[in-house]
Amino acid sequence: MRKLFGTDGIRGQANAAPMTAETAMAVAIAAGKVLRQNHHRPRVVIGKDTRLSGYMFEPALAAGFTSIGMDVVLLGPMPTPAVAMLTRSLRADLGVMISASHNPHHDNGIKLFGADGFKLSDELEAEIERVIGDPDGRVSPDKLGRARRLEDAPGRYIEIAKATFPKGLRLDGLKVVVDCANGAAYRVAPTVLWELGADIVPIAVDPDGFNINRACGATHVEALQAAVVTHGAHVGLALDGDADRLQLVDENGRLIDGDQVLASIARVWKAEGRLRKDTVVATVMSNLGLERWCERAGIVLARAKVGDRYVLETMRELDANLGGEQSGHVILADYATTGDGLIAGLQMLATMIQSGKRASEVGHVFDPFPQLLENVRFAGAPPLDDPRIEAAIAASRDALGREGRVLIRKSGTEPLVRVMAEGPTAAAVKSAVGGIVEALLAAGGTMAGGRKASAPAPMAEAGGGANPVSGPQKRARPRGIAE
């Protein structure tokens, strides 16, 4: 059983247990002992996002790894998928990403990748926890590891990302707003789009250690929606703090969620014969509308547990090359070993250019069922076995019947219970969720905010709905791109 690791590595408030410098060093020592190879000089790659606490965790991890004889390659601020890619490219034994993804700046986390670039299995994480604190493994002073910075790390990832875009195709004439969440991709994402020819408007590209994910990025798309409308852009891309998640906004300022992105890419790949096993892997949270569309399209939709690591595990089991989550994690196994928001965005932009269609057309593949998600926070363990809560869940399921469904799950990254329902009407869904939430509140929970996942509020037409292959071309190097 894992106690330290959650569904996406270790995560918590920085400088408080478990996310302390001492824990980071102990995890580094234990992970190195479990994963290093004995037939060569072991090497670990470390990347981070833009949180202030990254300056604390980076040297703590480096100290732990060098103490057991591993050489350390420091990447600095880089997207999570870039760390996974460079772990493989540099023939490293281990990759580490210091990030709490979409969480606010005061949180941080540690994600671990194996030599193959894939996130570690539950079993390996449990083994790392088991050996934490074991004093064996530290080397003599003459065998300590070395640490160095890889100065051209951003350039390497930029070229890898651009290589996933169809050869001979450019983004000339496409006006794109890119929201980098003041996070790890604040330089590389605008650079990739600019070098491919897009007229870009970068926002949230001024990280200060505190503003990562603050009213921006994939979990707060309001700023992107407004910017797309204001600038008359053809499309908007929002990444989260470590850039493994994508949300799109069409030319009218309307959200295109991860389910629609999966369907859009699946439709193109199936037509081109690229959709392996005619299978898409989603999660239990994905909309019923996606499931019904897949049935009509002759595509198998497999559902995994929530968490991109579990999506990927299912993809590998089924030999599928496309999977993801409604929240915007999209895994394109032909290109990456984890979710990559930028590369997924490039696939959508390529479809717009090749088809000559607007984002609103490319990003609306199916009509979603009304769906509502509410979050309830608990200070301790949520009492899901409380008879009042069980009765409320049963009543909501009975009310929706076969035309809908109810899903209750504990978050793997935050002290939340997530209540989701979908059904034939918005009123029925609201009633189903409301009954369960009331029971959770009566049991000691507090509201943590909710979100509708399928029907964002309509916004004014933007004037950016022209054919995406026409329009102005401003080639000045924009803010967010390194000179």
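Residues numbered from 1 in each chain as written. Predicted model: local features only at pLDDT ≥ 70, side-chain atom pairs only at ≥ 80, totals over all residues. Heavy atoms only, no water.

(A) Structural detail: the overall build of the protein. In terms of helices and strands, the protein carries 14 helices and 19 strands. Taken over the C-alpha trace, the protein has a radius of gyration of 22 Å; the compact-globule value for 483 residues is 23 Å, and the two agree within 12%. Looking at the protein as a whole, 58% of its 483 residues qualify as buried. Intrachain contacts of the protein at a sequence separation of at least 6 include 74% that bridge at least 24 residues. (Helix = DSSP H or I, 4+ residues; strand = E, 2+ residues; numbered from the N terminus. Rg over C-alpha atoms; globule rule 2.2 N^0.38 Å. Buried < 20%, exposed > 50% of the residue type's maximum accessible area, 1.4 Å probe, protein only. Contact = heavy atoms within 4.5 Å.)

(B) Highlighting the sheet that holds strand 7 (residues 175–179). Here 5 strands make up an open sheet; going across it, the order is 8-7-9-10-11 and the pairing mixed. Each edge of the open sheet carries a strand with a single partner, namely strand 8 (199–203) and strand 11 (255–256). Here 4 bridges tie strand 9 (residues 235–239) to strand 10 (residues 246–249), and the two strands are oriented antiparallel to one another. Looking across to strand 10, one finds that Leu-239 is bridged to Leu-246. (Pairing = 2+ DSSP bridges.)

(C) Highlighting the pattern of salt bridges. All told, the structure shown has 26 salt bridges when counted by the stated rule. When the shortest N-O distance is used, the salt bridge between Arg-51 and Asp-49 registers 2.7 Å. Exposure remark for Arg-51: the relative accessible area of 1% places this residue in the buried category. Assessed through its relative accessible area of 2%, Asp-49 is described here as buried. Two residues, Asp-334 and Arg-276, come together in a salt bridge whose shortest N-O distance is 2.9 Å. Residue Asp-334 is located in the loop between strand 15 (330–332) and helix 11 (341–355), and its partner Arg-276 is located in the loop between helix 8 (258–271) and strand 12 (279–283); the two are separated by 58 residues in the primary sequence. A relative accessible area of 31% places Arg-276 in the partly exposed class. Several salt bridges share partner residues, and in doing so they unite Asp-8, Arg-11, Lys-111, Lys-119, Asp-242, Asp-244 and Asp-308 into one network. (Salt bridge = Lys/Arg side-chain N within 4 Å of Asp/Glu carboxyl O.)

(D) Main features of the packing of aromatic side chains. Evaluation of the coordinates by the stated rule reveals 1 aromatic pair. Pairing Trp-269 with Tyr-335 gives two aromatic rings, centres 6.5 Å apart and planes at 75°, and the pair type is edge-to-face. Of this pair, Trp-269 sits in helix 8 while Tyr-335 sits in the loop between strand 15 and helix 11, placing them 66 residues apart in sequence. The ring of Tyr-55 carries the charged tip of Lys-48 above its face, separated from the ring centre by 4.1 Å. One residue, Lys-305, lies across the ring of Tyr-310, its end atom 4.1 Å from the ring centre. (Phe/Tyr/Trp six-rings, centres within 6.5 Å; stacked < 30°, edge-to-face > 60°. Lys NZ or Arg CZ within 6 Å of the ring centre and 35° of its normal.)

(E) Focus on the confidence of the model for the protein. With 92% of its residues at a pLDDT of 70 or more, the protein has an overall mean of 90. Considering only residues more than four positions removed or in separate chains, one finds that residues 450–475, a stretch of pLDDT under 50, has 67 contacts. (pLDDT = per-residue confidence, 0-100.)

(F) Quick peek at the pairing of strand 7. Of all 5 residues in strand 7, 5 are buried; the element is thus mostly enclosed. Residue alternation in strand 7 divides its side chains into two sets, Lys-175, Val-177 and Asp-179 and Val-176 and Val-178, and both sets are buried. Bridge analysis of strand 7 against strand 8 gives 5 bridges, and the strand direction is parallel. Residue pairing in the sheet places Asp-179 in a bridge with Ile-203 of strand 8. In this view, the connection linking strand 7 to its parallel neighbour strand 8 by way of helix 6 (residues 188–195) has right-handed handedness. Alignment of strand 7 against strand 9, held across 4 bridges, turns out to be parallel. (Right-handed = clockwise from strand over helix to strand, strands pointing away.)

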